[in-house]
Amino acid sequence: MIQIKDNVFLLKNSNISYMFRATGSGNLEHLHFGAPVDIDDVDAFAVRYGAGWGSTGGPEGEEFPMYLPLEWSSLGRGDYRESPLEIDREIPAAFKYSFCRKFDHTVSMDCSLPQAHGDAETLEIVMSSPSKLSLHLFYTIFDTAITRRVVLHNETGRSINVEKIMSSMMDIQGDYEITTYNGAWIAEMQPYRAPVGMSGIVNESTTGFSSALHNPGFILNEPGATETDGVVMGFNLIYSGNHYSRIQKSNEGLVRIVQGISPVSFDWILGNGEKFETPEAVMVWSGTGFGGMSLAMHRFVNENIIPGYWKGRQRPVLYNDWEGCMFNFNESKLISLAKKAKELGCELFVLDDGWFGDRNSDKAGLGDYDVNRKKLPGGLSGLQAKLSGLGLDFGLWFEPEAVNPDSKLYRAHPDWAIQAEDGVTVLGRNELLLDLSRPEVRDYIVNNVSRCIEEGKVSYVKWDMNRHSTALGASAHRYILGLYDVLKRVFGPRPEVLLESCSSGGNRFDLGMLCFSPQIWASDNTDAIERCRIQYQLSYLYPLSTIGAHVSAAPHSQTLRDTPLSTRGNISFFGLLGYEFDLDDLTPVEKDEIKNQILFYKQYRDIFQFGDFRRLKAPEGISMQVSDGDVHIVGLFHELVHAAPGYERIYPRGLKRETVYNVLSRKQLLNAAKFGGLLRFVLPVKLKPDGPLVRAAGKQYRMKDAERECDATGAALMSGMTLNARFMGTGYDPGMRMQGDFSSNIYVITAEGT
Ligand code: GLA
């Protein structure tokens, strides 16, 4: 709902209110972002002017912008804080409130930037300046979030140079801590928390893309906020390019938050009569801690960001050949893998890199789309027909934005690649980016990717991008607009094709890509324990339905960690389950275990992918919960176990206090060979630890692990359900948690009578 009264503007839904007003001098004074309030509450929030402000101030007869909590600030009018707009100095850019418009829907942009969609109301605030520049501030209120963006219109009679333009700016009161998510390739989403002080904190990416270095999403919380209590705000940007946010507290205790495109490498000539549209910034507010904030973000992404066709639509369990085969495969190997994937319960077979051109390593072929007939004699359609015969859908990998210098495309069009300005070729993963700001390059990509999708009746595309670049320079934003144009043209006519975006893993995990790709490959770090932490951190801002998380081989190629298969599966459930290793290596018991994992995931797929997500108290390790109505699933994940562990509990939330629930552990098996010489404590017979019997037993036989069933009220369970004891060398009991390092369990909690 949007209300307007006496130049006071209120955006309100059942969870949040956002209020500001136009002052008599035409400034926009920020009043409130928080719990729902009424428009007549304005008096409680409006700033009272004080004598303590001294004689420094704004233009005559106006308030002192320097001390006002603002919604937008104009340069050269006495506000020395971060400015959201920088243009040529000679153009006066002092904006004053002019008029507003209200829409009972979202308002579409004219450029190719993606936007949030769905039921919403929009408020457009028009601010004008004597130089005939005008600013249009768009505020859209959805069920769970508010978005903001800005459009700058140039009617000055000349071109102007825009050096910086933010999507949103606001000054809020209070003490906050900020959490940003930083990292690198195979080390995504490392949280950094710091108090917001008078030295500003900048969260910015300048790699040309949103990047794993600094995810565009960040969080502000009141000190002391927990998962369930306290004020927590989530912010993000619907954009995949260079981004910038700065958060800084003023002497008066006003926290200025700006969000938008990074001004680094941004330089936009705006002709007379033209307008510039910024990406949408997203904000959610929660009075119920980090958990409430995440729930709001998850709902917003699932409802208002993900493409409509995939809203609430279950994602397939897939097999991807990359980690099993890399570039080394042929059709018969793929079919052998596909048969096993099908037996296990997979629904989709994804052929990753290496199917086209001279692509036998990452040194050649990128940019070409001719199928490698040595590997695939029947082409894409031949492979697809065979997969379809097995009952599997076909998915295909592309990296359309890049080119290897050793490719037919580069030899034909070397000028299509973006090079450093000094002409020195700098390769990243042996590749260069194509210049997506050029229409002929975009046409080439759209035509070739579309043709391959049609030829192979492809139902899933993995859209990779492994080259970041600062050589994009001032054209970085044009590149991103070009990328969105390409994605719109390829996938707009094919909404049912499931797009998974990827950028050397989670190097472009952002809301811009999610507007096209319902899911994103979380990380090339497929070590389950490492990726569990990445998934856990992603969960603050992104729902599980967006997080590609596959089971990979153990020992793992990047860590040599030998994580139990049960844990590898349990972790992938809290994301989008897939398998990515050579299935020809599986032992019979591993096959059974995987079949059970897939059956379990399918049974609860809706809950894992779209249920309410919670991070739980876990004195040791990580614990997460997904819930839908009367069914709640809790995962408990350990890293290193300790001797004399004491008693351990799980702490589910969101249960009905009076209702009686049944708790049942997911059936998982334990490799007997793990026990080595300890087997003599576990089995009645004496066996040699490295003898053939133990090794054979490891392949053919597994022991029941950590079985648990219990009936109790929601009230009792939420107080903490005591788990079975851990193995301490004192004999085998199927109820005991015989687990060791990197162990985990899943508990399904179902209301009785469900
Ligand atoms: C990137 C991706 C991987 C895989 C390879 C293929 O690294 O992140 O998942 O697709 O490219 O070259």
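Residues numbered from 1 in each chain as written. Predicted model: local features only at pLDDT ≥ 70, side-chain atom pairs only at ≥ 80, totals over all residues. Heavy atoms only, no water.

Draft legend 1. Geometry of the overall build of the protein chain. Helices and strands together make up the secondary structure of the protein chain, namely 16 helices and 40 strands. Taken over the C-alpha trace, the protein chain has a radius of gyration of 28 Å; the compact-globule value for 754 residues is 27 Å, and the two agree within 12%. In terms of its C-alpha atoms, the protein chain occupies a principal-axis envelope of roughly 95 × 70 × 40 Å. Residues counted as buried form 61% of the 754 residues belonging to the protein chain. Residue pairs at least 24 apart in sequence account for 71% of intrachain contacts in the protein chain once pairs closer than 6 positions are excluded. (Helix = DSSP H or I, 4+ residues; strand = E, 2+ residues; numbered from the N terminus. Rg over C-alpha atoms; globule rule 2.2 N^0.38 Å. Buried < 20%, exposed > 50% of the residue type's maximum accessible area, 1.4 Å probe, protein only. Contact = heavy atoms within 4.5 Å.)

Draft legend 2. Summary view of the domain arrangement of the protein chain. In terms of domains, the protein chain is made up of domain 1 (2–304) and domain 2 (673–701). Taking only C-alpha atoms, the centre of domain 1 and the centre of domain 2 are 63 Å apart. (Domains from an automatic or database assignment.)

Draft legend 3. The sheet that holds strand E3 (residues 17–22), seen in detail. Strand order in the open sheet formed by four strands is E1-E2-E3-E4, with antiparallel pairing between adjacent strands. The outermost strands of the open sheet, each flanked by one partner alone, are strand E1 (2–5) and strand E4 (28–34). Taken over all neighbouring pairs, the strand axes of this sheet differ in orientation by 15° on average, direction set aside. Across four bridges, the pairing between E1 and strand E2 (residues 8–12) is antiparallel. Paired with Ile4 across the strands is Phe9, a residue of E2. (Pairing = 2+ DSSP bridges. Axes fitted to C-alpha atoms, helices over the stretch in contact; angles between N-to-C directions.)

Draft legend 4. Highlighting the pairing of strand E32 (residues 622–628). Among the seven residues of E32, six are classified as buried, and the element is accordingly described as predominantly covered. The loop that links strand E31 (residues 612–616) with its antiparallel partner E32 comprises five residues; one of these, Gly621, has a positive phi angle of about 85°. Of the pairings in the sheet, the one linking E32 to strand E33 (residues 631–637) comprises seven bridges and is antiparallel in character. The residue of E33 that forms the bridge with Val626 is Ile633. Hairpin connection of E32 to E33: two residues between the antiparallel strands, including Gly629 at a positive phi of 60°.

Draft legend 5. Up close: the site of the ligand. Contacts to the ligand come from 13 residues, most closely from Asp352, Asp353, Lys462, Asp464 and Asp524. Taking Asp353, its side chain carries an N or O atom lying 2.6 Å from an oxygen atom of the ligand. In the complex, the protein chains occlude 96% of the 310 Å² of accessible area that the ligand would expose alone. (Near = heavy atom within 4 Å. Polar contact = N/O pair within 3.5 Å; in protein donor to acceptor, adjacent residues only side chain to side chain. Areas by Shrake-Rupley, 256 points an atom, 1.4 Å probe, with all protein chains shown as cover.)

Draft legend 6. Main features of the nonpolar core. If you look at the biggest cluster of nonpolar residues, it comprises 199 residues, and the most contacted ones within it are Ile125, Leu152, Leu220, Trp355, Trp463, Phe574 and Tyr579. It is helix H8 (residues 476–491) that contributes the most residues to this core, 10 residues altogether. Setting aside chain neighbours within four positions, we find Trp355 in contact with Phe329, Tyr369, Asp370, Val371, Asn372, Leu376, Leu380, Leu396, Trp397, Phe398 and Cys452. Core analysis: the second largest hydrophobic core is formed by 16 residues, Ile650, Tyr661, Leu717 and Met721 among them. (Core = buried A, V, L, I, M, F, W, Y, C linked by side-chain atoms within 4.5 Å.)

Draft legend 7. How the structure looks around the side chain of His556. Residue position: His556 is located in the loop between strand E29 (547–551) and helix H11 (565–573). Not counting chain neighbours up to four residues away, the residues in contact with His556 comprise Glu323, Asn525, Thr526, Asp527 and Arg561.

Draft legend 8. Fine view of unusual backbone geometry. A cis amide bond, omega -5°, links Ala554 with the succeeding residue Pro555. Unusually for a residue other than glycine, Ile186 sits at a positive phi of about 50°. Here Ile186 shows up in the loop between strand E11 (177–182) and strand E12 (190–195). The phi dihedral of Phe742 falls on the positive side, at around 60°, and the residue is not glycine. Structurally, Phe742 can be placed in the loop between strand E39 (721–722) and strand E40 (744–751).

Draft legend 9. Just helix H5 (residues 379–390), in detail. The end-to-end C-alpha separation of H5 is 17 Å, in line with the 16 Å expected for 12 residues at 1.5 Å each. Looking only at H5, the buried set comprises Gly379, Leu380, Gly382, Leu383, Gln384 and Leu387. As for H5, its buried residues are in contact with helix H4 (331–344), strand E22 (348–351), strand E23 (393–398) and helix H7 (439–455). Gly391 lies just past H5 and shows a positive phi near 90°. (Expected span 1.5 Å × (residues − 1).)

Draft legend 10. Inspection of the packing of aromatic side chains at higher detail. If you walk through the whole model with that rule in mind, you get 35 aromatic pairs. For the pair Phe266 and Trp268, a centre-to-centre distance of 6.4 Å together with 10° between the ring planes defines the contact as stacked. For Phe266, a relative accessible area of 7% corresponds to the buried category. Overall, the relative accessible area of 12% leaves Trp268 in the buried class. Both rings, one in Tyr319 and one in Phe349, keep their centres 5.6 Å apart while their planes meet at 35°; by these two values the pair is tilted. Taken as a pair, Tyr319 in strand E21 (residues 318–320) and Phe349 in strand E22 lie far apart in primary sequence, 30 residues in all. Summarising the burial analysis for this pair, Tyr319 and Phe349 share the class buried. Pairwise contacts between aromatic rings join Trp355, Phe356, Tyr369, Trp397, Phe398, Trp416 and Tyr444 into one cluster. Cation over ring: Lys375 sits above Phe329, and NZ or CZ is 4.7 Å from the ring centre. In this structure, Lys617 is placed above the aromatic ring of Tyr651, and the distance from its NZ or CZ to the ring centre is 4.2 Å. (Phe/Tyr/Trp six-rings, centres within 6.5 Å; stacked < 30°, edge-to-face > 60°. Lys NZ or Arg CZ within 6 Å of the ring centre and 35° of its normal.)

Draft legend 11. Region of the structure containing the environment of Met198. Relative to the assigned elements, Met198 resides in the loop between E12 and strand E13 (201–204). C-alpha separation for the pair Met198 and Ser14, spaced 184 residues apart in sequence, amounts to 33 Å. The residues contacting Met198, other than those within four sequence positions of it, are Gln248, Lys249, Ser250 and Asn251.

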